[in-house]
Each structure stands twice: as structure tokens, then as C-alpha cells.
Amino acid sequence: MKTNITIKQIALESNVSMATVSRYLNGTVTVSDEKRQQIEAVIEKYHFTPNTHARSLSSGRTMTLGIVIPDISNPYFYSLFLEIQKEANQSGYTLLLYNTSFRQNDKESGEEEYFRRLIQHRVDGALVLGGQIDLMSPSPGYLEALNRLGDSIPVVVMGHPVPDSSCHFLQPENGSGVTAVFHHLYSLGHREIAFLGGNAGVRITEIRLTAYRSLLSLHHLPENPDHIVLTDYYAEDGYQAALRLAGQSRSFTAVIAANDNVAIGAVRAFRDIGLSVPADISVASCDHFTAGEYSVPRITGIVRDSALLGRLFIHTLLRNIKKENADFSLTLPSRLLEAESCRPLNP
């Protein structure tokens, strides 16, 4: 079957105009389902592959998007990336992924260099999902590099807005997960509720700590400094945090973990020192991951729609690339998954 079919021949055989075929291939304007199916049938018949180099020369676009992620092994970022990748592919874009392996105290993560490379590779737009932008005080060099990137191409950032930046910012964290988990534990009779995981100086941690402290105040419960142990967001951090917590205080009856990774590590640590979850300690998570469904016990936690969040980020970026209005507030639904890691406190 011949494969060097032209756009003109595709238009003739699919009974649409050449302009419609061009719009479909470039992804510049939405094409009706009927016309799209006609075009795709011809493309599939002839195994047609567009010349992306020629298309980029004519359209001024490379049909490539950059995405900068601090840790692709983190289930949160991995699920976001998969959804973004799927949506990008459906829109005809290729992703250029930079995994920075960012850590809070690591000054060599190279994010500024990755921003420079995105400009150098002439990507059509970029997503920045976490990293130094998560810190309460990102470095001046980082902010300068981020602003330079935003001045060069459309950029959507998951994080707190930076004043006078050309980037578009979306912040999904508002502390509602902590509120839901705290109220659940409170309804089960728990009053000595600890907080584990997350880093001091990281915005998401500070937002959640503020919510946690506000809830203690709302319910007229004293704040015990020994009940707050900040480490990081991984299982080993939850393990160490739980050991520190148990070594500092034995009055707590429940734990709010930063995410399921931290919760799983905490459950293991409690077991290693002779405490059972949930018989002795109830554990709940602010961020539910799939792994939490296979731990023993299954982790109670907040389920967030990562697929919707991923689609929201990529659609916002694509609208910005097309110079369409993409200004809106970010409100994502979430729900409490009641599993096996919490129980009512005996009266």
C-alpha cells in the first residue's frame, strides 16, 4: 500500500477540504467527529505519517511539550505524567521529560539548566510540576530562570504564583485533605492526633500543618509539639518519623500521614516496636496511592482525581499555546476512602 499520500489526496478521499486536513494534522482547531473519522480512516488506510519537520517549519511549532518533574518514581507525579502523556499524544504532541530528582536541600538538581534546555529545544510550551517552586522561598536564581522560561514560551506551573511572572500557576493543595482526615479521626473518638511526614519549608506541608493546627484550635485541643514529626514523603521517612514519634510521646492514638508512602512506612515502624494498626494506633493519609490498597492493613486516605488534574494541566497549557483564555480557579474533587487502618477509639 502506498505511503507517500499527500494532504491533497487525503482531502479528496475523505471528502473534506485541504484546510480541514491541515487543521486536523496541526491540532490548531477542533475538527468535528464526523470529519475526524473520515480523515483518520484515510490516514490509517495508507499508513500516512506527517512530516513533523516540514510541519514545524510551516506552522512555527515543533509539536513538542516540555515537562519538568522532581521525581517520576513518586506515584503522585507518575500518575500525573501518564495522564498528561495520554492527552498530549491525542493532541499530536510529543513530550520531552526532565526528571530533576529535586530534594529540598539539594542545590545541584539542575532545574535552571533544564529550563534553559527547554528554550534551546524550542518546545511549544512547558509544564513545571513541583520542584523548587514547592518551597516557601525558592532561590533567586531559580525564580529568574523560571521567569525567563515563561517569557520565552507558554508555561503552566503547579505551585504558588510568583509575582510579575509570565507563567500560569495552578495550586491544587488547599488543606482540605487534612480537614477531611482529621474530622474522620475525630468522629471515631480520637483526640490525640499526630502529624507525620512532609518537609518544613515546603508549601504543601505548611498548608497542611496550618490546617492541622486550625483544627486542633477549632476543637479546643492542645497542640503537642511532640506530635508533629516532619521528614519527607517516602516510606522510609514515614518509618523514621513513626519511630521518632513513639520515642517522644506515647499519648497519641491516631496519625495523619502526608501520603500513603509515609503511612505504609509508619505502619511498619509501629509493628516493629509492638504496636498494631489499627488496634493500637489509627493511621490515615492525606494522599491515597494505589500501593495503599495492597498494604496490610489497607490505608484510609484522601483519594484525589489525578487523571482530572493531569488533563487540567495539559489543557491549560494547550489553550495558552493557542493564545486562548485559560484563567480559572482550581477546585478538584476529593473523597475519603475508608479502608482498614482506622478504628473507633474505645470509650
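In case you missed it, the structure is sitting above this.
Below is a summary of the structure that appears in this document.

Rules behind the numbers
- Residues numbered from 1 in each chain as written.
- Predicted model: local features only at pLDDT ≥ 70, side-chain atom pairs only at ≥ 80, totals over all residues.
- Heavy atoms only, no water.
- Axes fitted to C-alpha atoms, helices over the stretch in contact; angles between N-to-C directions.
- Helix = DSSP H or I, 4+ residues; strand = E, 2+ residues; numbered from the N terminus.
- Parallel < 35°, antiparallel > 145°, perpendicular 65-115°, else oblique.
- Left-handed = near helix turned anticlockwise from the far one by under 90°.
- Contact = heavy atoms within 4.5 Å.
- Nonpolar A, V, L, I, M, F, W, Y, C, P; charged D, E, K, R; others polar.

A separate point is the packing of helix H1 (residues 7-14) against helix H3 (residues 33-46). The interhelical angle for the contact between H1 and H3, taken along N-to-C directions, is 120°, at an axis separation of 9 Å. Relative to H3, the element H1 lies oblique. In the crossing of H1 with H3, the sense of the turn from one axis to the other is right-handed. On H3, the residues that touch Ile10, Glu13 and Ser14 of H1 are Gln38, Ile39, Val42, Ile43, Lys45 and Tyr46. Tallied by class, residues from the contact of H1 with H3 come to five nonpolar, two polar and two charged.

A few words now on the packing of helix H5 (residues 75-90) against helix H12 (residues 306-321). How two helices pack is summed up by the angle between their axes together with the distance between the axes. In contact at an axis separation of 8 Å, H5 and H12 are set at 50° when each is read in the N-to-C sense. In terms of their interaxial angle, H5 and H12 are classed as oblique. Crossing geometry of H5 relative to H12 is assigned as right-handed. Contact residues: H5 offers Tyr76, Ser79, Leu80, Glu83, Ile84, Glu87 and Ala88, while H12 offers Ser306, Ala307, Leu309, Gly310, Arg311, Ile314 and His315. Residue classes in the contact of H5 with H12 are distributed as seven nonpolar, four polar and three charged.

Keep in mind these values describe shape, not function.
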